[in-house]
Amino acid sequence: MKKSLLYMFCMALVAVVLMVSGFSGVLYASEAAETVHAVAAVHHLPPVWMVIPFVVLLLMIATGPLFYHHFWEHNYSKVSVILAAIVAGFYGFFMDHGTHALLHTLEEYISFIALIASLFIASGGILIKIEQRGRPVVNATLLFVGAILADIIGTTGASMLLIRPFLRINEGRLKPFHVVFFIFIISNVGGGLTPIGDPPLFLGFLKGVPFFWIFKEIWPIWLATVLVLIGVFMVLDAKAGKGTVPEELKGKTGGGVKIVGSRNFLFLIVIIISVFLDPAVIAGFPSLQDMFHVPFGIREVIMFAVAFIAYKAADKDALKGNEFNFEPIKEVAFLFIGIFATMIPALELIGAYAASHAGDFSVTRFYWMTGALSGVLDNAPTYLNFLAGSMGKFGLDIGSMSSVKEFSDGIASPIANDVPSNIYLLAISVAAVFFGAMTYIGNAPNFMVKNIAEQADADVPGFVEYVYKYSIPILLPLFIVIWFVFFNH
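Residues numbered from 1 in each chain as written. Predicted model: local features only at pLDDT ≥ 70, side-chain atom pairs only at ≥ 80, totals over all residues. Heavy atoms only, no water.

### Quick look at a nonpolar patch on the surface
Taken together, the side chains of Val481, Phe484, Val485 and Phe486 present a nonpolar region at the surface, about 390 Å² in accessible area. Looking at the element boundaries, Val481 is found in helix H20 (residues 463-487). Overall, the relative accessible area of 47% leaves Val481 in the partly exposed class. (Patch = residues over 30% accessible without salt bridge, like charges linked within 9 Å, V, L, I, M, F, W, Y side chains within 5 Å. Areas by Shrake-Rupley, 256 points an atom, 1.4 Å probe, with all protein chains shown as cover. Salt bridge = Lys/Arg side-chain N within 4 Å of Asp/Glu carboxyl O. Helix = DSSP H or I, 4+ residues; strand = E, 2+ residues; numbered from the N terminus. Buried < 20%, exposed > 50% of the residue type's maximum accessible area, 1.4 Å probe, protein only.)

### Some points on the side chain of Asn170
With respect to the helices and strands, the residue Asn170 is situated in the loop between helix H6 (136-169) and helix H7 (176-185). Here Asn170 falls in the buried class, since its relative accessible area comes to 0%. Asn170 has contacts with Arg133, Gly134, Arg135, Asn139 and His178, leaving out every residue within four places of it along the chain. (Contact = heavy atoms within 4.5 Å.)

### Overview of the nonpolar core
Core analysis: the largest hydrophobic core is formed by 150 residues, its most contacted members being Phe184, Ile185, Tyr367 and Phe487. Setting aside residues no more than four positions away along its own chain, Ile185 makes contact with Leu143, Ala147, Gly190, Val226, Leu229 and Ile230. (Core = buried A, V, L, I, M, F, W, Y, C linked by side-chain atoms within 4.5 Å.)

### Things to note about the environment of Phe71
Note on placement: Phe71 falls in helix H4 (residues 69-94). Exposure remark for Phe71: the relative accessible area of 40% places this residue in the partly exposed category.

### Points about the environment of Phe326
Examined against the element boundaries, Phe326 turns out to sit in the loop between helix H13 (316-321) and helix H14 (327-357). Distance in space between the C-alpha atoms of Phe326 and Gly124 is 9.9 Å, their sequence separation being 202 residues. Excluding its chain neighbours within four sequence positions, the residues that come into contact with Phe326 are Phe120, Ile121 and Tyr311.

### A closer look at helix H15 (residues 363-374)
With twelve residues, H15 ought to run about 16 Å at 1.5 Å a step, and its terminal C-alpha atoms sit 16 Å apart, in line with that. Among the twelve residues in H15, nine count as buried, and that is most of the element. Val363, Thr364, Phe366, Tyr367, Met369, Thr370, Gly371, Leu373 and Ser374 are the residues of H15 that are buried. (Expected span 1.5 Å × (residues − 1).)

### With respect to the packing of aromatic side chains
By the definition in use, this model includes 44 aromatic pairs. Measuring from ring centre to ring centre gives 6.2 Å for Tyr109 and Phe112, while their planes differ by 40°; the resulting arrangement is tilted. Placement of both Tyr109 and Phe112 in helix H5 (residues 98-124) is noted, with a separation of three residues, approximately one turn of the helix. Centre to centre, the rings of Phe112 and Phe336 are 5.0 Å apart; their planes meet at 35°, and the pair counts as tilted. Within this pair, whereas Phe112 is found in helix H5, its partner Phe336 is found in helix H14, the two being separated by 224 residues in sequence. Pair check on accessibility: Phe112 and Phe336 agree, each one buried. Members of the aromatic cluster, connected to one another through ring pairs, are Tyr367, Trp368, Phe434, Phe435, Phe479, Trp483, Phe484, Phe486 and Phe487. The aromatic ring of Tyr440 is capped on one face by Lys450, whose charged end is 5.4 Å from the ring centroid. (Phe/Tyr/Trp six-rings, centres within 6.5 Å; stacked < 30°, edge-to-face > 60°. Lys NZ or Arg CZ within 6 Å of the ring centre and 35° of its normal.)

### What to know about unusual backbone geometry
The residue His293 is not glycine, and still its phi comes out positive at about 55°. Here His293 is to be found in the loop between helix H11 (288-292) and helix H12 (298-312). A residue is classified by how much of its surface remains accessible, and His293, at 69% relative accessible area, is exposed. With phi around 65°, Asp457 is a residue other than glycine that occupies positive phi space. Mapped onto the fold, Asp457 is located in the loop between helix H19 (444-455) and H20.

### So, the pattern of salt bridges
Following the criterion strictly, the structure yields eight salt bridges and no others. Note that Lys258 and Glu131 form a salt bridge whose closest N and O atoms lie 3.5 Å from each other. Placement of the pair is Lys258 in strand E2 (residues 257-260) and Glu131 in the loop between strand E1 (127-130) and H6, with a sequence separation of 127 residues. Judged by relative accessible area, which is 49%, Lys258 ranks as partly exposed. A relative accessible area of 23% places Glu131 in the partly exposed class. Glu300 is paired through a salt bridge with Arg299; the nearest N and O atoms lie 3.0 Å apart.

### Some words on the packing of H7 against helix H9 (residues 213-240)
Closest axis-to-axis distance for the H7/H9 pair is 11 Å, and the angle between their directions is 170°. Looking at the two axes, H7 sits roughly antiparallel to H9. Contacts between H7 and H9 pair Phe177, His178, Phe181, Phe184 and Ile185 from the former with Val226, Leu229, Ile230, Val232, Phe233, Leu236, Asp237 and Ala240 from the latter. Class assignment of the residues belonging to the contact of H7 with H9 gives a composition of eleven nonpolar, one polar and one charged. (Axes fitted to C-alpha atoms, helices over the stretch in contact; angles between N-to-C directions. Parallel < 35°, antiparallel > 145°, perpendicular 65-115°, else oblique. Nonpolar A, V, L, I, M, F, W, Y, C, P; charged D, E, K, R; others polar.)

### Digging into the packing of H5 against H19
With their axes 11 Å apart at the nearest point, H5 and H19 run at an angle of 40° to one another. Between H5 and H19, the angle is such that the two are oblique. Judged by the sense of rotation from one axis to the other, the crossing of H5 with H19 is right-handed. Between H5 and H19, the contacting residues are Phe112, Ile116 and Phe120 on the first element and Ala444, Met448 and Ile452 on the second. When its residues are assigned to classes, the contact of H5 with H19 shows six nonpolar, no polar and no charged. (Left-handed = near helix turned anticlockwise from the far one by under 90°.)

### Things to note about the confidence of the model for the protein
On average, the protein scores 87 in pLDDT, and the residues at 70 or more come to 89%. Ranking the helices and strands of the protein by mean pLDDT puts H7 first, with 97, and helix H2 (residues 30-43) last, with 40. Between residues 1-42, whose pLDDT stays under 50, and residues either more than four places distant or in other chains, the model counts 51 contacts. (pLDDT = per-residue confidence, 0-100.)

### Some words on H20
Along its 25 residues, H20 runs just 29 Å from first to last C-alpha, ending more than 12% under the 36 Å computed at 1.5 Å per residue. The principal kink in H20, of about 55°, is found at Ser471, preceding the proline Pro473 by one to four residues. (Bend = angle between axes of the 7 residues up to and from the residue.)

### Some points on the environment of Leu268
Mapped onto the secondary structure, Leu268 falls in helix H10 (residues 264-274). Each C-alpha atom, one on Leu268 and one on Ile121, is 9.6 Å from the other, the two residues being 147 residues apart in sequence. Aside from chain neighbours lying at most four places away, what touches Leu268 is Leu119, Ala122, Ser123 and Ile126.

Put into structure tokens, the structure is as follows:
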């Protein structure tokens with residue numbers, strides 16, 4: 001059974017690699033091959049085989065806990081760093097623009113780790129006690145509230161704040177689907193309403209998409225998706241039964257919510273405000289990158305400082321009650337070093353493909369390609385690449401904020417019987433956010449939730465099981481319906 005699952009996953013990876021290398025022209029067939037080599041020479045693209053380290057890392061993340069757990073547990077950090085070093089070495093020595101690409105990726109990684117680490121640490125000092133036993137209605141309410149909260153403090157903040165109380169109220173009756181649906185709803189889909197919710201939407205905002213545009217356009221899709229997922233969850237949760245009731249919850253049928261360490265909410269507010277401390281948002285705001293040529297800005301300095309202060313000032317009872325430790329953030333930090341570095345070639349190839357083929361893309365292709373790649377790559381740069389490609393189709397430049405605003409307002413397509421530009425933007429936005437739930441690496445909170453649940457001795461599905469048992473049979477049909485209703489053009 002394990003071999004068959006591994007085979008299925010390998011086939012899926014092969015499909016992704018073929019999609020990434022699709023710009024090479026149907027597997028380098030005759031004239032297409034010559035065109036590709038010419039394009040690569042002009043744009044200094046990496047060779048397709050440089051995607052191999054990324055594929056190897058994905059395979060090891062998927063198979064390590066399943067087939068060589070002891071080795072993976074003790075060496076995942078080394079594996080990730082070594083694979084990252086291979087790509088970094090190639091770019092440093094053999095690519096004309098290699099140093100620039102590596103520094104840009106380092107900036108993105110520092111911003112990424114600053115945000116998730118500060119949210120993880122600040123939320124770790126908040127102990128939420130829900131004095132009720134987990135049951136379908138209670139769990140559904142928590143998931144819906146979490147989906148809304150994800151749009152206020154981001155999917156990472158909401159996930160870190162609610163995963164522990166969610167696990168506690170369901171102690172003794174936890175099933176793998178509990179963790180999976182938490183990831184589906186709170187760690188991914190929930191963050192689709194505002195630019196704060198998920199990184200690709202925030203990048204769109206920085207490029208010129210109006211702050212409330214996504215809310216106005218996406219809310220019917222968001223609400224329907226969240227309600228369908230919660231409905232499926234409630235059916236499964238009802239079948240899970242009462243389980244073994246912990247001693248502290250015996251005899252309790254209702255109760256309120258108690259919060260220990262509530263002052264850490266102030267730290268969360270500071271972190272969220274600091275997200276907007278960027279020259280792209282506030283004209284004239286100081287840039288440490290420009291002033292001192294460092295790979296971080298004032299925003300990241302504030303986030304790391306808040307993380308340190310929040311931990312030192314945290315309520316000890318809250319930390320103890322949450323069984324707080326740094327292992328989840330350590331695992332994410334090391335694995336995403338490898339992911340950020342090894343996906344540089346993949347993202348460049350995808351960017352070239354999107355730029356050169358955008359004119360032939362329908363909104364359907366933008367939706368599915370953005371979604372498929374957002375499930376295994378960083379959805380933020382994937383979003384930007386396909387946004388740039390779709391704007392190019394309308395003769396607009398992503399580098400102009402006024403053009404992005406015009407694109408989001410909706411202009412007629414130059415192609416007959418095509419949809420206006422705002423439908424393209426909506427398709428790319430929905431796919432980038434929603435498809436992040438397809439794998440554990442689709443969005444940073446996914447891995448952190450998985451790690452926290454494992455530390456709580458919850459039954460958590462492995463990487464491959466998560467894909468074949470949950471995301472494909474549950475999410476994929478839902479995403480097909482979304483495409484058919486909204487983007488089937």
